[in-house]
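Analysis of the macromolecular model
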Amino acid sequence: MERYGIKDYDELLQRGRDDPEWFWDELARELEWFQPYKKVLKWDPPHAEWFVEGKFNIVHNALDRHVGSWRKNKVAYIWEGELGQVKKLTYHDLYRKVNQMANALRGLGVGRGDRVAIYLPMILELPIAMLACAKIGAVHSVVFSGFWAKAFRERANDAQVKVAITVDGFYRRGKVIPLKENVDQVLDDIPSLEKLIVVRHAECPVEMKTGRDLWWDDVTQGQETVSPTEVMDAEDPLFILYTSGTTGKPKGVLHVHGGYAVGIYTTLKLVFDLKDEDIWWCAADIGWITGHSYIVYAPLLMGATSVMYEGAPDYPEADRLWQIIEEYGVNVFYTAPTTIRLFMKYGEKWPQKHDLTSLRILGSVGEPINPEAWIWYHKHIGNRQCPIMDTWWQTETGMHLITPLPITSLKPGSTVKPFPTIQADVVDDEGKSVREGGGHLVIKTPWPAMFRTLYQDPERYVDAYWSKFPRMYLSGDVARVDEEGYFWIQGREDDVLNVAGHRISTAEVESALVSYDSVAEAAVVGKPDPVKGEEICSFIILKEDFKPSPRMKHHLREHVRQEIGPVASPACVNFVKDLPKTRSGKIMRRVIKAKVKGDDVGDISTLANPEAVDELDNAV
Ligand code: WTA
């Protein structure tokens, strides 16, 4: 700000609003371009092109350029396994490993534009595989390792992947999760798949299919440690990441090399004020956007040192996170409200056992943080000294959009104001700004890390996000703006649940439930939970000849685990004979939700079967 003669936060916001292209141009110049862009932005709503005609590769900026600088021997990742093993990779180590994998992939015939599915847990091969794909211009599609085989199959088929990368198994709470064995069940149903690369990690037994399955070590061994970085167009695709929408079919959110890099680099730098000597820890999973942007790409673009942890946050004891912060002297720490609430439950005696004075800034992401949790985090983790950056953003936005900066006055529970250049608003059903009460959270300006489309579904991109209000991006969240212009995010307004920070679509869980033999109909709603924010609550109508029983509940939960993954397994299963429906036969989730929360059900005059509401009472 000094450099530009900007005196305070308000002036920074003003300058950004007045001239967004100036702002982004200045930051984009901090990265290296193979060929300079001719124009910062071409905006033809709802389609944006950023850094038009620029030639760029995110990996050149995340790795190659550091290896030619003093950062060559700086540690990029400090990795800690759940069992306590530690590995450190410098920029040079990472560069060599990525190059070997890039050469291996090229050797398997993977090239520009080809899709590669990456189904790995939090081990170093995950960022290595992502960077190797990006380096050769291939498009990665990471599938969260907490999803199960069928969810993997659906995503791999949608993206028509040529190669997939997985692991023998990984550790979670001391147990080995056999990922390869799990994915074996569906590999024959992915016709586009040619090769499967398997990382050896947990050393659990696996079956390797000749001709298709290859060990990571075998394909990388002996490969050269240099590899050319593909010259990409700034607008070329970098990755697809599937996220839940309002229908059962996940959306393939597509991000590109140039704008995405500039957006996440800038936000990490300004929101978390990351310095070269800092130790950064974003305690998310790389399988979600938070990990893509702020564990993999942005910290590497900045040349930072990051901590990466494999396992559960409270394993083997409730101070694992605090122990890691002390051990590595973490300066900036970023986590989710659900984690904070979990540790509030364990109590402050756990963080008190550790020296957390290295911390300078804290962050929160993924769901609204309640003021109690904010204050606990501030007091017991931040020692009343660290500002908390409560960052609002989404898979689609790629980068933080509504967030404080370390120079902003904070209010516990508010995500403060839009990032410089971003115009966010809360509008009513007609698209008019509202200041009283809540409304639809929309974004009125394009931003560099915005998703460019939904993979192979350009119409859904327009319909789902840009058609309700012309020239406004519809976030799907409800929010309120106070008299000082501070934003308060209230949660999703669509049929998407937020369970411990994971986005799960009610339709996806419902379709998994009805795919079970005995189920005739299913409705799923979110039930408030003090730790997870929401938990999944399901209402089931069984087919005739089937009887409700505890065993049946167990089978249904197991079935959803198998179909989608443990994250989607319903916490409660209620059997009912009827569900409230409109005359056109649509299940009224609003009514079910009100019952679950103990609220008034409101107007039910449009219901075809009001008696179903009483039945819910018995079930709840
Ligand atoms: C919610 C995660 C309140 C919101 C980065 C959004 C938040 C959804 C916050 C996106 C926050 C994210 N305060 N709510 N600071 N951050 N959300 O795509 O409902 O997994 O729409 O991206 O999480 O979830 P996603």
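Everything quoted here is computed from the prediction, not taken from an experiment. (Residues numbered from 1 in each chain as written. Predicted model: local features only at pLDDT ≥ 70, side-chain atom pairs only at ≥ 80, totals over all residues. Heavy atoms only, no water.)

**Some remarks on the overall build of the chain**
For the chain, the count of helices and strands is 19 helices and 30 strands. Its C-alpha atoms give the chain a radius of gyration of 24 Å, near enough to 25 Å, the size a compact globule of 620 residues would have. Projected onto its principal axes, the C-alpha positions of the chain cover 70 × 65 × 55 Å. Taken across its 620 residues, the chain has 61% of its residues classed as buried. Contacts spanning at least 24 positions in sequence make up 70% of the contacts within the chain whose residues lie at least 6 apart. Element-wise, carbon and sulfur atoms account for 47% of the exposed surface of the chain, whose accessible area totals about 24000 Å². Averaging the coordinates of the 74 positive side-chain charges in the chain and doing the same for the 89 negative ones gives two points 1 Å apart. (Helix = DSSP H or I, 4+ residues; strand = E, 2+ residues; numbered from the N terminus. Rg over C-alpha atoms; globule rule 2.2 N^0.38 Å. Buried < 20%, exposed > 50% of the residue type's maximum accessible area, 1.4 Å probe, protein only. Contact = heavy atoms within 4.5 Å. Areas by Shrake-Rupley, 256 points an atom, 1.4 Å probe, with all protein chains shown as cover. Lys, Arg positive; Asp, Glu negative; His and termini not counted. Charge placed at Lys NZ, Arg CZ, Asp CG, Glu CD.)

**With respect to the UniProt feature "domain: AMP-binding enzyme C-terminal" (unreviewed entry) in the chain**
Per the UniProt record, "domain: AMP-binding enzyme C-terminal" (unreviewed entry) is found at residues 508–586. Along residues 508–586 one finds 27% helix and 32% strand; the C-alpha atoms at either end are 16 Å apart. (UniProt positions renumbered as here; feature names shortened; annotations may be inferred.)

**Quick word on the sheet that holds strand E30 (residues 572–575)**
Here 3 strands make up an open sheet; going across it, the order is E28-E29-E30 and the pairing mixed. Two strands lie at the open edges of the sheet, namely strand E28 (519–529) and E30, each paired on one side alone. Ignoring which end each strand starts from, the neighbouring axes of this sheet average 25 degrees apart. As defined by bridge partners, E28 adjoins strand E29 (residues 533–542) across 10 bridges and the pair is classed as antiparallel. From the neighbouring strand, Gly526 faces E29, where its bridge partner is Ile536. Against the sheet, helix H18 (residues 589–597) touches E28 and E29, its axis set at about 50 degrees to E28. (Pairing = 2+ DSSP bridges. Axes fitted to C-alpha atoms, helices over the stretch in contact; angles between N-to-C directions.)

**Overview of the sheet that holds strand E16 (residues 279–282)**
Spatial strand order, E5-E4-E17-E16-E18-E19-E20: 7 strands in an open sheet with mixed pairing. At either margin of the open sheet sits one strand with a lone partner, and together these are strand E5 (86–90) and strand E20 (388–390). Within the sheet, the average angular offset between the axes of one strand and its neighbour, ignoring direction, is 20 degrees. Alignment of strand E4 (residues 75–80) against strand E17 (residues 305–309), held across 4 bridges, turns out to be parallel. Note that in E17 the partner of Ile78 across the bridge is Val307.

**Quick notes on unusual backbone geometry**
The omega torsion of the bond from Pro45 to Pro46 falls at 0 degrees, within 30 degrees of zero and hence cis. Tracing the backbone through its elements, the reader meets Pro46 in the loop between strand E1 (39–44) and strand E2 (47–52). Note that the residue after Tyr315, namely Pro316, is joined by a cis bond; omega there is -5 degrees. By the secondary structure assignment, Pro316 is in the loop between E17 and helix H11 (320–328). Positive phi, normally seen in glycine, also occurs at Glu53, with a value near 65 degrees. Along the polypeptide, Glu53 turns up in the loop between E2 and strand E3 (55–56). Assessed through its relative accessible area of 42%, Glu53 is described here as partly exposed. Not every positive phi belongs to a glycine, and Gln456 is a case in point at roughly 55 degrees. Tracing the sequence through the fold places Gln456 in the loop between strand E23 (453–454) and helix H15 (458–466).

**Some thoughts on the UniProt feature "domain: Acetyl-coenzyme A synthetase N-terminal" (unreviewed entry) in the chain**
When the UniProt feature table is mapped to this numbering, "domain: Acetyl-coenzyme A synthetase N-terminal" (unreviewed entry) covers residues 9–62. Taken as a whole, residues 9–62 contains 44% helix and 26% strand, while its terminal C-alpha atoms sit 29 Å from one another.

**Focus on the site of the ligand**
The full set close to the ligand counts 18 residues, and Asp390, Thr391, Thr395, Arg492 and Arg503 are the nearest of them. Between Pro368 and the ligand, the recorded distance is 3.4 Å, taken from a backbone N or O atom to a nitrogen atom. Arg492 places a polar side-chain atom, nitrogen or oxygen, 2.8 Å from an oxygen atom of the ligand. Considered on its own, the ligand offers 520 Å² of accessible surface; in the complex 98% of this is hidden by protein. Secondary-structure elements contributing two or more residues to the shell around the ligand are helix H10 (289–302) and strand E25 (487–492). Grouping the constituent residues of the shell around the ligand by class yields 6 nonpolar, 7 polar and 5 charged. (Near = heavy atom within 4 Å. Polar contact = N/O pair within 3.5 Å; in protein donor to acceptor, adjacent residues only side chain to side chain. Nonpolar A, V, L, I, M, F, W, Y, C, P; charged D, E, K, R; others polar.)

**Some remarks on the environment of Leu108**
Summarising the element assignment, Leu108 is placed in the loop between helix H4 (91–107) and strand E6 (115–118). Taking the C-alpha atoms as reference points, Leu108 and Trp350, 242 residues apart in sequence, are found 49 Å from one another. Beyond its immediate stretch of four places on either side in the chain, Leu108 contacts Lys195, Ile197 and Leu214.

**Digging into the pairing of strand E14 (residues 237–243)**
Buried residues dominate E14, accounting for 6 of its 7 residues. Here strand E7 (residues 139–142) runs beside E14; their pairing, made up of 2 bridges, is parallel. Bridging from a neighbouring strand, His140 pairs with Phe239 of E14. In terms of strand pairing, E14 meets strand E15 (residues 251–256) through 6 bridges, oriented antiparallel. When the sheet's bridge partners are listed, Leu241 is paired in E15 with Val253.

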